[in-house]
Amino acid sequence: MILVTGAAGFIGSHACVELLNAGYEIVTVDNLSNSKREAINRVKQITKRDFLFYPIDLLDKEALEKVFIENKIKAVIHFAGLKAVGESTEKPLMYYYNNIVGTIILCELMTKYKIKRIVFSSSATVYGMPDQVPISENSPLRAMNPYGRTKLMIEEILRDLYLSDKSWSISILRYFNPVGAHPSGTIGEDPNGIPSNLMPFITQVAIGKLNQLKVFGNDYETIDGTGIRDYIHVVDLAKGHLKALEVVMNTFGVKVFNLGTGSGYSVLQIIETFEKVTKKSVPYQIVERRQGDVAAIYADTNKAKDELGWVATKGLEEMCIDSWRWQVNNPKGYI
Ligand code: NAD
Ligand code: WQD
C-alpha cells in the first residue's frame, strides 16, 4: 500500500491514476485546501479502481496517525503542500508552517511506524537564478521566495533524517513546469481564482473567462525576449514517480532528480503552439517583467534517464491539446 498525500491536487491525482493503472494499492490524504473531492471520484472513474480517501490535514497528527494504523503502508509519495509563489511572500508563516511542519509530522509518523521510504515533490524553484542551462542536480541551490525556501528546507530536513538513520530511502524530485492533463479530459489543473501560472491562464483566455494574457516582459536575453521554461506533461511527470518509487523500494539513501523534458520554450512559443493546435486565439499584451522571474531555465535530464530509466515522451503540442481538452470539458473546473 502506497500513501499518497495531496492526492486530490493536480499532480497527485495524475500520479494516483498511474499508480492504480500499474497495479499498486493506494491510500490517499488531502485536506482539500487547494482541491476538490471530485478529483478523487474522477481518479476512481478513470481507473475503475477503488481506494480510501481521508479528507484530513497533515498538521492533524492524530488523524494522520489513524491512517498509519488502519493501513499497511510501505512507502509515501508526498505531494501535499501550498505552492503559490506570490501568496507565499504575503503569508510566509502560513507557507513555512503548512509545508514544513506538515512534512515533519509525516516523517515523525513514518519513523514511528518504520516506513522509511518517501518520494518528495520538490521544485526547480530551488535553483533560483541559474548560472547555466540546462541545469543539473548538483547546481547551487538558492531559492528566492518563501515557497521555494520551504522546498529547500524540506530537502535539507530529509537529508538530515537520512544522515541520522541510514535505513531511510528518500527520493527528491525537482519538477520543472507541469502542464497538460490526463487525455480523458476528466482530471486536470483547477486553480482557485485567477491563475498565476501560464498554461491555465492561456486556457482561460482561450475559453473567454479572461480577456487577455499579460506576457511578463519581452526584454530577456532569449530568442524572442520572453521567458524560457521547461514545460512537462503531467502524465509524464506522474510516471516519473513510479520510477522513483521503484528506486526507494530497492535502495537506501537520498537521491535527487530533475523531472523535466530538457527542452525550453518561450512564452510566445507556447502561445503560438497553443493557437495552432486548438485553433483558438489567445490575445496578449506585453507588460513589465514579473518580479522574481528568471530569463531561462530548463533541466539537464541525464540523471533521471540514467538512474531512473525515465524520460518525458510527450511534446508541447500534446501538452496544449490535453490542457485545452480539460478546460473545454470542465469550464468551471471541478464542481
Ligand atoms: P496542488 O495544490 O494541486 O496539490 C497539492 C495538494 O495538497 C492540494 O490538493 C492541497 O489541498 C493539499 N494540501 C496542502 N496542504 C495540505 C495539508 N497540510 N494537509 C493535507 N493536504 C494538503 O499542487 P500540485 O501542482 O499538484 O503540486 C503538488 C506538489 O508538487 C506540491 O508540493 C507542489 O509544491 C509541488 N510542485 C508543483 C509544481 C507545479 O507547478 N504545479 C512545480 C513544482 C513542484
Ligand atoms: C512561466 C512563464 C512567466 C503567467 C512557477 C513557480 C515554480 C513552479 C512552477 C511550483 C514565465 C510567464 C506566466 C502569465 C506570463 N511551481 N507568464 N504571464 O514562474 O516558471 O514557475 O510554477 O513549484 O516554483 O515559480 O511558471 O507558469 O508562472 O510562468 O508571461 O500570466 O510564463 O513570466 O516566463 P514559473 P509560470
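One can find the structure itself at the top, above this paragraph.
Structural notes, computed from the coordinates. Being a predicted model, the structure only gives us computed values, none of them experimental.

Analysis parameters
Residues numbered from 1 in each chain as written. Chains lettered and ligands numbered in written order. Predicted model: local features only at pLDDT ≥ 70, side-chain atom pairs only at ≥ 80, totals over all residues. Heavy atoms only, no water. Axes fitted to C-alpha atoms, helices over the stretch in contact; angles between N-to-C directions. Helix = DSSP H or I, 4+ residues; strand = E, 2+ residues; numbered from the N terminus. Parallel < 35°, antiparallel > 145°, perpendicular 65-115°, else oblique. Left-handed = near helix turned anticlockwise from the far one by under 90°. Contact = heavy atoms within 4.5 Å. Nonpolar A, V, L, I, M, F, W, Y, C, P; charged D, E, K, R; others polar. Buried < 20%, exposed > 50% of the residue type's maximum accessible area, 1.4 Å probe, protein only. Pairing = 2+ DSSP bridges. Core = buried A, V, L, I, M, F, W, Y, C linked by side-chain atoms within 4.5 Å. Salt bridge = Lys/Arg side-chain N within 4 Å of Asp/Glu carboxyl O. Expected span 1.5 Å × (residues − 1). Near = heavy atom within 4 Å. Polar contact = N/O pair within 3.5 Å; in protein donor to acceptor, adjacent residues only side chain to side chain. Areas by Shrake-Rupley, 256 points an atom, 1.4 Å probe, with all protein chains shown as cover.

**A closer look at the packing of helix α7 (residues 198-206) against helix α9 (residues 267-278)**
1) Next: In the contact formed by α7 and α9, the axes pass within 11 Å of each other and the chain directions differ by 40 degrees. The pairing of α7 with α9 is recorded here as oblique in orientation. α9 is crossed by α7, and the crossing has right-handed handedness. Residues Leu198, Met199, Ile202, Thr203 and Ala206 of α7 touch α9, and the partners they reach there are Val267, Ile270, Ile271 and Phe274.
2) Next: Looking at the contact of α7 with α9 residue by residue, the classes come out as eight nonpolar, one polar and no charged.

**Remarks on the pairing of strand β4 (residues 75-78)**
1) Next: Of the two faces of β4, the one lined by Ala75 and Ile77 and the one lined by Val76 and His78 are each fully buried.
2) Next: Pairing of strand β1 (residues 2-5) with β4 involves four bridges; the strand directions are parallel. When the bridges of β4 are listed, Ile2 appears paired with Ala75.

**Looking at the nonpolar core**
1) Next: Formed by 41 residues in total, the largest nonpolar core has its most connected members in Val4, Ile26, Leu245, Leu259 and Leu308.
2) Next: Those elements that place two or more of their residues in this core are β1, α1 (10-21), α2 (38-47), β4, β6 (169-175), α8 (234-250), β11 (253-259) and α10 (302-308).
3) Next: Not counting residues within four places of it along the chain, the set of residues in contact with Ile26 comprises Met1, Ile2, Val4, Cys16, Leu19, Leu20, Phe51 and Leu52.
4) Next: Within the second largest apolar cluster, 29 residues are counted, among which are Ile56, Cys107, Leu158 and Tyr162.

**Examining the pattern of salt bridges**
Side-chain pairing between opposite charges can occur once the charged atoms of the two side chains come close.
1) Next: Scanning all chains against the criterion turns up 18 salt bridges.
2) Next: Between Lys66 and Glu70 there is a salt bridge, and its shortest N-O distance comes to 3.5 Å. Of this pair, Lys66 and Glu70 both sit in helix α3 (residues 61-70), separated by four residues, roughly a single helical turn.
3) Next: Ionic pairing is found between Arg229 and Asp293, a salt bridge with its closest N-O pair at 4.0 Å.

**As for helix α5 (residues 92-112)**
1) Next: Here α5 spans 29 Å end to end across 21 residues, near enough to the 30 Å set by a 1.5 Å rise per residue.
2) Next: Within the span of α5, buried status applies to Tyr95, Asn98, Asn99, Ile100, Gly102, Thr103, Ile105, Leu106, Cys107, Leu109 and Met110.
3) Next: Lys114, located one to two residues past α5, shows a positive phi value of around 55 degrees.

**Describing the environment of Ser33**
1) Next: Position of Ser33 relative to the elements: it lies in the loop between β2 (26-29) and α2.
2) Next: Given a relative accessible area of 45%, Ser33 falls into the partly exposed group.
3) Next: In sequence terms Ser33 and Leu82 are 49 residues apart; their C-alpha atoms lie 8.6 Å from each other.
4) Next: The residues touching Ser33, leaving out its near neighbours within four places in the chain, are Leu82 and Asn192.

**Thoughts on the site of ligand 1**
1) Next: What surrounds ligand 1 is a group of 27 residues, the closest being Ile11, Asp30, Asn34, Ser35 and Tyr147.
2) Next: Between Gly9 and ligand 1, the recorded distance is 3.4 Å, taken from a backbone N or O atom to an oxygen atom.
3) Next: Asn98 is positioned with one of its side-chain polar atoms (N or O) 2.8 Å from a nitrogen atom of ligand 1.
4) Next: Surface burial for ligand 1 is 95%, taken as the share of its 820 Å² of free accessible area covered by protein chains.
5) Next: Contributions of two or more residues to the shell around ligand 1 are made by α1, β5 (117-123) and α6 (146-164).
6) Next: Here the shell around ligand 1 takes three residues from β5, the largest share from any one element.

**What about the packing of α1 against α8?**
1) Next: Where α1 contacts α8, the two axes come as close as 8 Å, and the packing angle between them is 60 degrees. In this view, α1 runs oblique relative to α8, as classed from their interaxial angle. Note that α1 runs across α8; the crossing there is right-handed. Of the residues in α8, those touching α1 at Phe10, Ile11, His14, Ala15, Glu18 and Leu19 are Val234, Val235, Leu237, Ala238, Lys239, His241, Leu242 and Leu245.
2) Next: Taken together, the residues of the contact of α1 with α8 break down into 10 nonpolar, two polar and two charged.

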